[in-house]
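The primary structure of each chain is shown beneath.
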Amino acid sequence: FVGHDDRGRLLRRLGRALAFPPWYGANWDALSDCLHDLSWLPTGPRLVVIEGAGELRARHADVADTLVEILARACWYWSATDSPLTLLLAG
């Protein structure tokens, strides 16, 4: 997600990358809701890779912090299931 200048664009890209349903509102609450549902995806382990995480953090620390917090909560939520969610911050 290197080069994203705003939170909205990042959230829309995440929605497309994770095939979120049409009701996804591209905001923090909707991201959290979708990450705690994922019923539209096949069961099994899931991996979310955020490329350019260092640049995102350097340019938009508040956005990066919120994103990681939401993703970490979702990872914890799914950790005891047959469909664990793993977050990888790259770059």
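Notes on the structure in this doc start here.

Calculation rules
Residues numbered from 1 in each chain as written. Predicted model: local features only at pLDDT ≥ 70, side-chain atom pairs only at ≥ 80, totals over all residues. Heavy atoms only, no water. Helix = DSSP H or I, 4+ residues; strand = E, 2+ residues; numbered from the N terminus. Rg over C-alpha atoms; globule rule 2.2 N^0.38 Å. Contact = heavy atoms within 4.5 Å. Areas by Shrake-Rupley, 256 points an atom, 1.4 Å probe, with all protein chains shown as cover. Disulfide = S-S within 2.5 Å. Buried < 20%, exposed > 50% of the residue type's maximum accessible area, 1.4 Å probe, protein only. Core = buried A, V, L, I, M, F, W, Y, C linked by side-chain atoms within 4.5 Å. Salt bridge = Lys/Arg side-chain N within 4 Å of Asp/Glu carboxyl O.

**Concerning the overall build of the protein**
Here is step 1: On a plain count of helices and strands, the protein comes out with 4 helices and 2 strands.
Here is step 2: Ordering the α and β elements of the protein from the N terminus gives α-α-β-α-α-β.
Here is step 3: The C-alpha radius of gyration of the protein comes to 13 Å, within 12% of the 12 Å expected for a compact globule of 91 residues.
Here is step 4: Taking contacts inside the protein between residues at least 6 apart in sequence as the whole, the part at least 24 apart equals 57%.
Here is step 5: A total of about 5,300 Å² of accessible surface is found on the protein, and carbon and sulfur atoms cover 53% of it.

**Structural notes on unusual backbone geometry**
Here is step 1: For A19, which is not glycine, the phi torsion reads 55 degrees and is therefore positive.
Here is step 2: Checked against the element boundaries, A19 lands in the loop between α1 (7-17) and α2 (28-35).
Here is step 3: The backbone of L38 shows a phi angle near 55 degrees, a positive value even though the residue is not glycine.
Here is step 4: Tracing the backbone shows L38 in the loop between α2 and β1 (46-51).

**Notes on the state of the cysteines**
Here is step 1: For the coordinates displayed, the defined rule picks out 0 disulfides.
Here is step 2: We note that C34 lacks a disulfide partner, and the nearest cysteine sulfur, in C75, lies 15 Å from it.
Here is step 3: Look at C34 and you get buried, because its relative accessible area is 0%.
Here is step 4: Judged by its relative accessible area of 15%, C75 falls in the buried class.

**A closer look at the nonpolar core**
Here is step 1: If you look at the biggest cluster of nonpolar residues, it comprises 25 residues, and the most contacted ones within it are F20, L31, L35 and L67.
Here is step 2: At the level of secondary structure, the elements contributing two or more residues to this core comprise α1, α2, β1, α3 (53-59) and α4 (61-78).
Here is step 3: The greatest single-element share of this core, amounting to 8 residues, is contributed by α4.
Here is step 4: Residue contacts for F20: discarding those within four places in its chain leaves L14, G15, L31, C34, L35, L38 and W40.

**Side note on the pattern of salt bridges**
Here is step 1: Per the stated rule, a full pass over the model turns up 3 salt bridges.
Here is step 2: Measuring nitrogen to oxygen at the nearest pair gives 3.3 Å for the salt bridge that ties D65 to R57.
Here is step 3: Under the relative-accessibility criterion, D65 is labelled partly exposed at 40%.
Here is step 4: A salt bridge links E69 to R73; the nearest nitrogen and oxygen atoms lie 2.6 Å apart. You can see E69 and its partner R73 sitting in helix α4, 4 residues apart, about one turn around the helix.
Here is step 5: Classification of R73 as exposed rests on a relative accessible area of 51%.

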